[in-house]
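# Survey of secondary and tertiary structure
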Amino acid sequence: MLTEETRQLLAAYVDGEVSPRQRAQVDSLLSKSAEARNLLEQLQRDSGELRAMKRKTLPQDFSLQVLKNIADKKLQPESTPPPTTTFPAWLGITIAVAVLVLVTVVSFLFFAMR
Amino acid sequence: VSPDDQRLIAECLQGRTSAFGELIVRYQDRLYNTVYRLLDNAEDARDVVQESFLSAYQSLSSFKGDSLFFTWLYRIAFNTAVSLKRKQRVMLRMQMGGEEDTGVEPIDLSQGNQPGDAMERADEERRIQRALNRLSPEHRVVLVMKDIEGQKYEVIADVLSVPIGTVRSRLHRARLELRELLLQEQNKG
């Protein structure tokens, strides 16, 4: 009975996704285990059958139908929004401090002159 | 992105809609074949591909060109297909009063009068498609993209927005799961 780890390794072998060490491990396993040989052969056959499946196609005029749909719905490529100008934090803090100082000075002058 | 695709995209953004038609012709069948194998329903697959091209057209300016145009299209189609499946599952649950979808779609009956080999081949395909339908969606999509479409791991990972390692392990598990399902099919027959 093959372990789950061995089964995963054989599946990886189908895709050629094994390291040289793993390849040697699989080769050794294949020489000893008929069950492993059988599973690998079936996995390779399954992959081949998937590749051999008949390709499905759309009618020739499909593109015209999509273009008509675009025209009927009056679709347009949306324009990318302009990049938002980021307001640097240091500038915000500087302005806040400047406003605070200004208010303090004006208040001081206002009360001092009364 | 290929220079030719880039040129067609640029022309399209400048208002030449027929350039988009050329992009559709170029990719419609590859996209359709993949979606068809994911959904196993010609009409749904066609709707998904149509919807995907409309979405792609509208968001064309957001295509940055850092991946292949086809990969970008594929991602849109995959998300559209997933969302369609989700809607259908909800509809089915509402109609059946909470019963789960068995995942097996009606088979294509258009193979009526095919002689010998072709008919056997069609039977074989139906058997594989039934097994594919019973795979979980994340296993089905990696098998379809790898074996049927011959895509590379990098492309699959990009489309599904998952790490390459995840694609690899899903693919290996999918192969083993498919084997089990085909064995069950064989024992049933």
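Please refer to the structure placed before this passage.
The notes below deal with the structure included here.

What counts, and where the lines are drawn
Residues numbered from 1 in each chain as written. Chains lettered and ligands numbered in written order. Predicted model: local features only at pLDDT ≥ 70, side-chain atom pairs only at ≥ 80, totals over all residues. Heavy atoms only, no water. Helix = DSSP H or I, 4+ residues; strand = E, 2+ residues; numbered from the N terminus. Rg over C-alpha atoms; globule rule 2.2 N^0.38 Å. Buried < 20%, exposed > 50% of the residue type's maximum accessible area, 1.4 Å probe, protein only. Contact = heavy atoms within 4.5 Å. Areas by Shrake-Rupley, 256 points an atom, 1.4 Å probe, with all protein chains shown as cover. Lys, Arg positive; Asp, Glu negative; His and termini not counted. Charge placed at Lys NZ, Arg CZ, Asp CG, Glu CD. Core = buried A, V, L, I, M, F, W, Y, C linked by side-chain atoms within 4.5 Å. Salt bridge = Lys/Arg side-chain N within 4 Å of Asp/Glu carboxyl O. Axes fitted to C-alpha atoms, helices over the stretch in contact; angles between N-to-C directions. Parallel < 35°, antiparallel > 145°, perpendicular 65-115°, else oblique. Left-handed = near helix turned anticlockwise from the far one by under 90°. Nonpolar A, V, L, I, M, F, W, Y, C, P; charged D, E, K, R; others polar. Phe/Tyr/Trp six-rings, centres within 6.5 Å; stacked < 30°, edge-to-face > 60°.

On to the overall build of chain A. Along the backbone of chain A there are five helices and zero strands. Put simply, chain A runs from its N terminus to its C terminus through helices and strands in the order α-α-α-α-α. Taken over C-alpha atoms, the radius of gyration comes to 36 Å for chain A, far larger than the 13 Å a tight globule of 114 residues would show. Projected onto its principal axes, the C-alpha positions of chain A cover 105 × 50 × 20 Å. Of all 114 residues assigned to chain A, the portion counted as buried reaches 30%. Taking the intrachain contacts of chain A between residues at least 6 apart in sequence as the baseline, contacts between residues at least 24 apart amount to 44%. When the accessible surface of chain A is summed, it comes to about 8,400 Å², and 63% of that surface belongs to carbon and sulfur atoms. Across chain A, the 14 positively charged side chains and the 12 negatively charged ones have centroids separated by 7 Å.

Moving on: the nonpolar core. By size, the foremost hydrophobic cluster in this structure holds 63 residues, and its most contacted members are B:Phe20, B:Phe53 and B:Phe69. Top contributing element to this core by residue count: helix 2 (residues 17-39) of chain B, with 11 residues. Excluding residues within four positions of it along the chain, B:Phe53 makes contact with A:Phe62, A:Val66, B:Phe20, B:Ile24, B:Tyr27, B:Gln28, B:Leu31 and B:Leu73.

The next thing to look at is the pattern of salt bridges. In total, this model carries 21 salt bridges over all chains according to the counting rule given. In this structure, A:Asp15 and B:Arg175 form a salt bridge, with 2.5 Å as the shortest nitrogen-oxygen distance. Here A:Asp15 is found in the loop between helix 1 (4-14) and helix 2 (20-32), whereas its partner B:Arg175 is found in helix 8 (residues 164-188) on a different chain. Of the two residues, A:Asp15 and B:Arg175, both sit in the buried class. Put simply, B:Arg126 and B:Asp123 hold a salt bridge, and the shortest N to O gap is 2.6 Å. Note that B:Arg126 and B:Asp123 are positioned in helix 5 (residues 116-134) at a spacing of three residues, about one turn of the helix. Counted as one network, the salt bridges with shared partners bring together B:Asp4, B:Asp5, B:Arg7, B:Glu11, B:Arg16, B:Glu22 and B:Arg26.

Let's shift gears to the packing of helix 4 (residues 69-96) of chain B against helix 7 (residues 153-160) of chain B. Residue and element names in this part refer to chain B. In contact at an axis separation of 8 Å, helix 4 and helix 7 are set at 45° when each is read in the N-to-C sense. On the basis of the axis angle, helix 4 is oblique to helix 7. As helix 4 packs across helix 7, the resulting crossing turns out to be right-handed. Residues Thr71, Tyr74, Arg75 and Phe78 of helix 4 form the contact with helix 7, whose participating residues are Val155, Asp158, Val159 and Leu160. Broken down by class, the residue content of the contact of helix 4 with helix 7 amounts to five nonpolar, one polar and two charged.

Take the packing of aromatic side chains next. Residue and element names in this part refer to chain B. Using the criterion set out here, one finds 11 aromatic pairs over all chains in the structure. On the numbers, 5.9 Å between centres and 50° between planes, the contact of tyrosine 27 with phenylalanine 69 is tilted. With tyrosine 27 in helix 2 and phenylalanine 69 in helix 4, the pair connects residues that are 42 residues apart, well separated along the chain. Comparing tyrosine 27 with phenylalanine 69 shows no difference in burial state: the two are buried. Between the aromatic rings of phenylalanine 70 and tyrosine 74, the centroid separation amounts to 4.8 Å while the plane-to-plane angle is 80°, which identifies the pairing as edge-to-face. Of this pair, phenylalanine 70 and tyrosine 74 both sit in helix 4, four residues apart, which is roughly one turn of that helix. With relative accessibility at 5%, the residue phenylalanine 70 sits in the buried group. Looking at tyrosine 74, the relative accessible area reads 3%, which means it is buried.

Interpretation note: all reported values are geometric properties and have no functional meaning in isolation.
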